[in-house]
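Tertiary structure, described
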Amino acid sequence: MVTNKKLISMKKINIKACCVLIAACLFTMLGTQAQEKKDSTVNVVFGTVAKKDLLGGVSIINVSELLKKSYGTYSLDNLSSLVGGYTNNRTIWGQDALILVDGVPRQAGDVRPVEIESITILKGASAVVLYGSNASKGVILITTKRGNIKPLSIDVRANTGLFVPKGYPGYQDAATYMGLYNEASVNDGLLPKYSQGVIDSTRAGSYSYRFPDIDFYNSDYLKKAYSKSDVTAEISGGNEQARYYTNIGLATNGTIMNYGDQKKNNDMAFNVRGNVDMNLTKWLSASIDAAVNLSNSYTGRGDFWGAASTMRPNWFQPLIPISMMDTTNNAALRTIVNNSNHIIDGNYLLGGLSTDQTNAFSDMLAAGYIKRRNRTFLYNINAGADLGSLVDGLSFKAGYSMDYRSVYSEAYQLAYATYQPNWVRKNGKDSIASLTKYGNDGNTTNESIGQTTYEQTISFRSQFNYDRSFAGKHNVTATLLGWWYLIQSSSDPDNEGGSDYHPVRNTNLGFQAGYNYRQRYYLDFSSALVHSAKLPEGNREALSPTVTLGWRISDAGFFKNHVSFVDNLKLSASYASFKEDLDITGTQPNGTPTDYYLYAGYYGNTANVGGWYQWRDGVGGGITSLSGQVPNPNLTFVQRKEFRAGLDASLFKGLVTLDANYFMQNMSGLLSRGTTVYPSYFNGSGDFRPWINFNEDRRTGVDFSANLNSKVGQLAYSFGVSGMFYSSEAVKRDEVYQDAYQNRAGRSLDSYWGYIAEGFFQSQDEINTYLTTTRPTLGGTLKPGDIRYKDVNNDGLIDNKDQVDLGHNGWAASPFTFGVNLTLKWKNLTLFALGNGQTGAIGFKNSSYYWVRGGSKFSDITTYRWTESTKATATYPRLTTGNGDNNYQNSTFWMYKTDRFNLNRVQLTYDFKETFFRKSFVHGLSVYVKGDNLLVISHERELMEKNVGAAPQYRFYNLGVKASF
């Protein structure tokens, strides 16, 4: 209650402050950041502006137009193929962006493409500063569809398609596995585990229950494909007084699983969105938006994919056949069968071992299921007033939103018994003489609540706008606003860790002032007054100013008269000093992340903070309070200093369009504990170091988007290419390394560190010579066939001090990312394709498929292992029954380039002529077929298309139809 009162009080203070500032100044800039609404006008941060007046750092996608040739179901579908500077996972210029739906912080999954009018990628600091601290890393602004002045219209779209797995990891069969395990045992100086008779019996396949050979990736467990379908209806229309829009959708998904309760895995989603825009009077307007998203899913228990990547093929038989038990003459077996609650298909008991008393197969057959329920309710109300009767060009807008989101599960879980058979052979036949039982069958009909989470988002904004032209050439625009939002999450402590004490919040005032002369010369000043409760009192407010200049040089006489092939060329440049608290984050002594009270000091007497001291008499002792952190009243905001320069061009009468930006961001004041600032004894008996603003990062790059549009005869074509050259650097780090080459300062933020491999040890003599000068510390005893590493610092040890920077991992963005899209239109037929790619980053082959440890199954890669006979050609280390700690380290041996190109979509659409429906209530009809995730072009294609320990990657083939009425 106290927190809520403070928030309400803060809102009142912001509103009052906003009014005071409005009285002082009304000449502010409406904005140069955008989301497309019409061809000539776009939505911007808290307003609208002519598209011609955008000043860079912004990319726009008209989703409603894109859907006519490229259908998708995820709101951010394939943006990286269309927008330069945006990479997958909602990353803009290498940082995680804030997602806004109709100006409210929401999730990308809250809205489907069929509900979206357009998406704007706001990249530059000047383009997002009005949104305050939480938008400091970029904004993805999604605007949903609204009604127009037109008669009632109904659009219906239906789709159905198939997900087809690209492939599965390959593993050695049971007989081969046992032979390889024997080889690994000999390598380790142990006796072979499996006899040749057992191996031969397994390979024969005639005794599969006694000598199992489990192949997870077959039709017993998996289907060849599964289906997905959806249908959407859109209803819109209106007049001058009111416009309305409604979207209703239903989608269903099947499953690839074909075993046990997981055969019934499915999910269903139902969505309703509606809005009404009203002109209440000539000067007063209002709008109301509401959306409801409901989804249910059913998931059978059992980690099938995890087991598929780890469970050895010969380990045990999941099903024990009752037909191979003499239940007539064996009372013990008969009792087990008669009393079991889980007789599978009337023929089998559940199999297991003492080490696997529960397992994925039995879970899927007997353990139960989980039903998840997701409920999302979104509500907006907005009002606008034209105050031109008071001051020419003056207007006012305000908006309020409230969202609710809940997730809970209804779980059914049942205990079960598994059995290990004791096999005997009589009269030439295998039979089960006895069973060892593990666990007991449960008996319940009750479901339980397994998970509960809840989230509430509230936002409020108000603003005054000024937009006026003087003498037809001096254009002044302005806005002054206050914006506040809060996201509060809660959950049950058993499943989600409990509720967060502090909500996510953003509180700021925004101020912009701008001027342009004949849309030729532009000047823009934008700023935000931000507030943060993460900082100490006195440091909780800061001003974030930005300045932008623009010049349409193509309108200059000297240029226009000499460079005739340029239709339009606008140059822009901006500088920003953006204060943010997103990076005000640290850890508690126990390693738990925390964002709050990092400026405060505290003492403690827990195991993580306190110290244990022995009594003077030497008998016993106790924990005493020690410092865990000292206060820092000077802790302040992290600062994003950014310079951006851009151009927007149209050439050869619109044949070529180009948009490009150069950016350089310096993030200073990132937090550290001051390891290099304070003496070492500050962190000994207690920790007397504060959190300080110390570290600094830099990101630089060039993003671009270019399009070629033309027509040859009846064939119209469009080709677009976008991309980004990107680099990052840890400029300053609070770090202490013995060897300078390991300093992170001066290296990229996404450096991948590892060892330099020097091939295999080929003989014991080589190892013996090596050990005279070098002592490995990575684990295990070196044997021929193990990987040899370079002693980089020549200290006679192989340890983490020998790790070096091997390259970029591309976690935020690879050094070069790109996207392409192609549209071919001939008469009523449209072909559309898009793809994306990356170059310059590396990865390591370090999944369980490659790092085959002794207790796991062996993948096909072990075929190329080191042996005495293959030492000259081997590409994989020797096999071992141990952990292989020496070999399984990130190093140049496992390193590969992640360069790739993805053909993400190809769609063919046929639009029937309107004359075809001249005498019908149908006004339009389109039919299309498409394929998604079709192709990966890369030297490491098999690796990139292979999921280990998870569901496979899929190609998706879809048939769709859209009709208008």
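Report follows, based on the coordinates. Small disclaimer: the values here were computed from a predicted structure and weren't measured.

**Here's the deal with unusual backbone geometry**
- Of note, the phi angle at Ala471 is positive, near 60 degrees, even though the residue is not glycine.
- Structurally, Ala471 can be placed in the loop between β23 (448-470) and β24 (474-491).

**Re the pattern of salt bridges**
- Throughout the structure, instances matching the rule amount to 40 salt bridges.
- The salt bridge involving Glu65 is made with Lys68; its shortest N-O contact spans 3.0 Å.
- Within the structure, one salt-bridge network assembled from shared partners comprises Asp77, Arg905, Lys930 and Asp932.

**Examining the packing of aromatic side chains**
- Scanning all chains against the criterion turns up 59 aromatic pairs.
- Their ring planes at 75 degrees and their centres at 5.0 Å tell us that Tyr221 and Tyr259 sit as a pair that is edge-to-face. Of the two residues, Tyr221 sits in the loop between α5 (196-204) and β13 (226-238) while Tyr259 sits in the loop between β14 (242-253) and β15 (266-279), which places them 38 residues apart along the sequence. Assigned by exposure class, Tyr221 and Tyr259 land together as buried.
- Judged by centre distance (4.8 Å) and plane angle (80 degrees), the rings of Phe893 and Trp894 are edge-to-face.
- Cluster of aromatic residues (ring-pair linked, three or more members): Tyr168, Tyr171, Phe216, Tyr217, Tyr221, Tyr259, Phe304, Trp305, Phe361, Tyr849 and Tyr850.
- The ring of Tyr522 has Lys570 sitting right over it, with the charged end atom 5.9 Å from the ring centre.
- Looking at Arg744, its charged tip hangs above the ring of Trp753, at a distance of 3.8 Å from the centre.

**A word on the environment of Tyr599**
- Considering the arrangement of structural elements, one finds Tyr599 in the loop between β30 (593-594) and β31 (602-604).
- On the basis of relative accessibility, which here comes to 16%, the residue Tyr599 falls in the buried class.
- A sequence separation of 164 residues divides Tyr599 from Ser763, and the C-alpha atoms of the two residues are 58 Å apart.
- In this structure, Tyr599 is in contact with Ala533, Lys534, Leu535, Pro536, Arg540, Gln629, Pro631, Asn632 and Leu635, ignoring residues within four places of it in sequence.
- One polar contact links Tyr599 to Arg540, side chain to side chain, over a distance of 3.2 Å.

**What to know about the nonpolar core**
- With 68 residues, the main nonpolar core has Phe216, Leu222, Phe304, Phe361 and Trp894 as its most contacted residues.
- It is helix α4 (residues 174-187) that contributes the most residues to this core, 6 residues altogether.
- Not counting the four nearest positions on each side in its chain, Leu222 is found in contact with Tyr168, Phe216, Tyr217, Ile256, Met257, Asn258, Phe304 and Trp305.
- Judged by nonpolar contacts, the second largest core, of 35 residues, contains Phe46, Leu100, Ala125 and Ala127.

**Describing the environment of Arg853**
- Counting through the fold element by element, Arg853 comes out in the loop between β49 (842-844) and β50 (895-897).
- Sequence separation between Arg853 and Gly138 is 715 residues; the distance between their C-alpha atoms is 43 Å.
- Contact partners of Arg853, with chain neighbours within four places excluded, come to Phe858, Gly882, Asn883, Gly884, Asp885 and Tyr888.
- A distance of 2.3 Å separates a polar atom in the side chain of Arg853 from the backbone oxygen of Asn883.

**Details of a negative patch on the surface**
- A grouping of Asp173, Asp213, Asp215 and Asp220 is seen on the molecular surface, where their side chains present a negatively charged patch.
- In this structure, Asp215 sits in the loop between α5 and β13.

Definitions and limits used
Residues numbered from 1 in each chain as written. Predicted model: local features only at pLDDT ≥ 70, side-chain atom pairs only at ≥ 80, totals over all residues. Heavy atoms only, no water. Helix = DSSP H or I, 4+ residues; strand = E, 2+ residues; numbered from the N terminus. Salt bridge = Lys/Arg side-chain N within 4 Å of Asp/Glu carboxyl O. Phe/Tyr/Trp six-rings, centres within 6.5 Å; stacked < 30°, edge-to-face > 60°. Buried < 20%, exposed > 50% of the residue type's maximum accessible area, 1.4 Å probe, protein only. Lys NZ or Arg CZ within 6 Å of the ring centre and 35° of its normal. Contact = heavy atoms within 4.5 Å. Polar contact = N/O pair within 3.5 Å; in protein donor to acceptor, adjacent residues only side chain to side chain. Core = buried A, V, L, I, M, F, W, Y, C linked by side-chain atoms within 4.5 Å. Patch = residues over 30% accessible without salt bridge, like charges linked within 9 Å, V, L, I, M, F, W, Y side chains within 5 Å. Areas by Shrake-Rupley, 256 points an atom, 1.4 Å probe, with all protein chains shown as cover. Lys, Arg positive; Asp, Glu negative; His and termini not counted. Charge placed at Lys NZ, Arg CZ, Asp CG, Glu CD.

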